[in-house]
Structures are given as structure tokens and as C-alpha cells.
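Each chain, written out:
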Amino acid sequence: QVQLVESGGGLVQAGGSLRLSCAASEGTLSRYRMGWFRQAPGKEREFVAALAARWSGGSTDYADSVKGRFTISRDNAKNTVYLQMNSLKSEDTAVYYCATGPPYSSKRSPDYSNWGQGTQVTVSS
């Protein structure tokens, strides 16, 4: 069973940057597709970014709304996945979650599991 813990959220001004971390206390994250999702108040959870498992090439996928601004990466030695967020906008305000995904490309949250508790990101305009 993989246990994930997100950190790095906070309050930032529009145009600023944050780096979120997703650390695993158990399990080896490089074995899994890893996904970042977010959920704003009153909205459904939405896909942000994904990183394929190391054994499948480690390709990345992004939501159109964050493409060119966000970068997902993994540090295998630290067993941690990151989400670097630049040029933040007020519409990026949400709780951000990481989760392990299936062995195929997916942007659907039901395909992901082992969700962390989330970390709040608030972007002030």
C-alpha cells in the first residue's frame, strides 16, 4: 500500500511560483504513473499533470490550462514527485492532490488511487 503526503502549498501572488512535493512513506513511486489533480471549492476534481512510470519511459502529460507553466518531475532517490508551478493565476487556487495511477495514460480521477490528503494553494490577484 502506497501512502502519499503532499506539501509545499501556500499563499502566493499572481505571477509567482510554488513547488509542491508528493512523498511516499511506503512504496516506490517510480513504479507507478503519478498524477496531480486539483479541486477548487464547488468544483469537481480535475486533472493537472501526470508522469508515466519509469519502466514505461516517464513521459509527461498536462492539462491544457497549465501547459507551459507547470512541470511534473520525480526524484527517485528521494521517492518524491514534484509539481513546479510558475506564472500562477488566481484560477489555479485549489487543493492539490497527488495519487498513483494506472499503467496506461489517463486523466480520469477514478483511475487513480492512494490519494494524499492534499495541500492548499491560494493565488491572490
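What you see is a predicted model, and the numbers here were worked out from it, not measured in a lab.

Analysis parameters
- The residue numbering used here restarts from 1 in each chain and proceeds along that chain's sequence as written.
- This being a predicted model, a pLDDT of at least 70 is required before a residue's local features are given, and a value of 80 or more before pairs of side-chain atoms are given or counted; all residues contribute to the totals for chains, interfaces and linings.
- Side-chain calculation: all heavy atoms of the structure are included, whereas hydrogens and water are not.
- Pairs were defined over the aromatic rings of Phe, Tyr and Trp, the Trp ring being its six-membered one, requiring ring centres within 6.5 Å. Orientation was assigned from the angle between planes: stacked under 30 degrees, edge-to-face over 60, tilted for the rest.
- Each helix is a run of H or I in the DSSP string that is no shorter than four residues. Each strand is a run of E no shorter than two, and both are numbered from the N terminus.
- The classification of residues rests on relative accessible area computed with a 1.4 Å probe and restricted to protein chains. Under 20% of the type maximum is buried, over 50% is exposed, and intermediate values are partly exposed.
- Salt bridges are counted wherever a side-chain nitrogen of Lys or Arg sits within 4 Å of a carboxyl oxygen of Asp or Glu.
- Among buried residues, those of type Ala, Val, Leu, Ile, Met, Phe, Trp, Tyr and Cys that are joined through side-chain atoms within 4.5 Å constitute a nonpolar core.
- By definition, residues are in contact when any of their heavy atoms lie within 4.5 Å.
- Two strands pair if DSSP finds at least two bridges between them.
- A fitted line through C-alpha atoms represents every axis, and for helices the fit uses only the stretch in contact; the resulting angles, taken between N-to-C directions, go from 0 to 180 degrees.

We now examine the packing of aromatic side chains. Throughout the structure, instances matching the rule amount to four aromatic pairs. When the centroid spacing of 4.9 Å and the interplanar angle of 70° are considered together, the rings of Phe37 and Tyr112 count as edge-to-face. Of the two residues, Phe37 sits in strand E4 (residues 33-39) while Tyr112 sits in the loop between strand E9 (94-101) and strand E10 (119-124), which places them 75 residues apart along the sequence. The class of Tyr112 is buried, set by a relative accessible area of 4%.

On to the pattern of salt bridges. Inspection of every chain in the model, using the stated rule, returns six salt bridges. Measuring nitrogen to oxygen at the nearest pair gives 2.8 Å for the salt bridge that ties Arg69 to Asp92. Taken together, the residues Arg69 in the loop between strand E6 (60-62) and strand E7 (70-75) and Asp92 in the loop between strand E8 (80-85) and E9 connect sequence positions 23 residues apart. For Arg108, the salt bridge identified is with Asp111, shortest N-O distance 2.9 Å.

So, about the nonpolar core. Ranked by internal contacts, the top residues of the largest apolar core, which has 33 residues, are Trp36, Leu83, Met85 and Tyr96. Secondary structure elements with two or more residues in this core: strand E3 (18-26), E4, strand E5 (46-51), E7, E8, E9 and E10. When residues of this core are assigned to their parent elements, the largest contribution, five residues, is made by E5. Apart from residues lying up to four places away in sequence, Met85 is in contact with Gly16, Ser17, Leu18, Leu20, Arg69, Phe70, Tyr96 and Val121.

The next point concerns the sheet that holds E5. What the six strands build is an open sheet, ordered E2-E10-E9-E4-E5-E6; its pairing is mixed. Strands at the two margins of the open sheet, each flanked by one partner only, are strand E2 (10-13) and E6. Taken over all neighbouring pairs, the strand axes of this sheet differ in orientation by 25° on average, direction set aside. Pairing of E4 with E9 involves seven bridges; the strand directions are antiparallel. Each bridged residue has a counterpart across the sheet, and for Gln39 the counterpart in E9 is Val95.

Right, let's get into the side chain of Thr80. With respect to the helices and strands, the residue Thr80 is situated in strand E8. For Thr80, a relative accessible area of 7% gives the class buried.

The element E5 is extensively covered by neighbouring structure, given that five of its six residues are classed as buried. Bridge analysis of E4 against E5 gives five bridges, and the strand direction is antiparallel. When the sheet's bridge partners are listed, Arg38 is paired in E5 with Glu46. In this structure, the hairpin formed by E4 and E5 is closed by a connection of six residues, where Gly42 is found at a positive phi of approximately 80°. Inspection of the sheet shows E5 paired to E6 by three bridges, in the antiparallel sense. For Ala49, the partnering residue across the bridge sits in E6 and is Tyr62.

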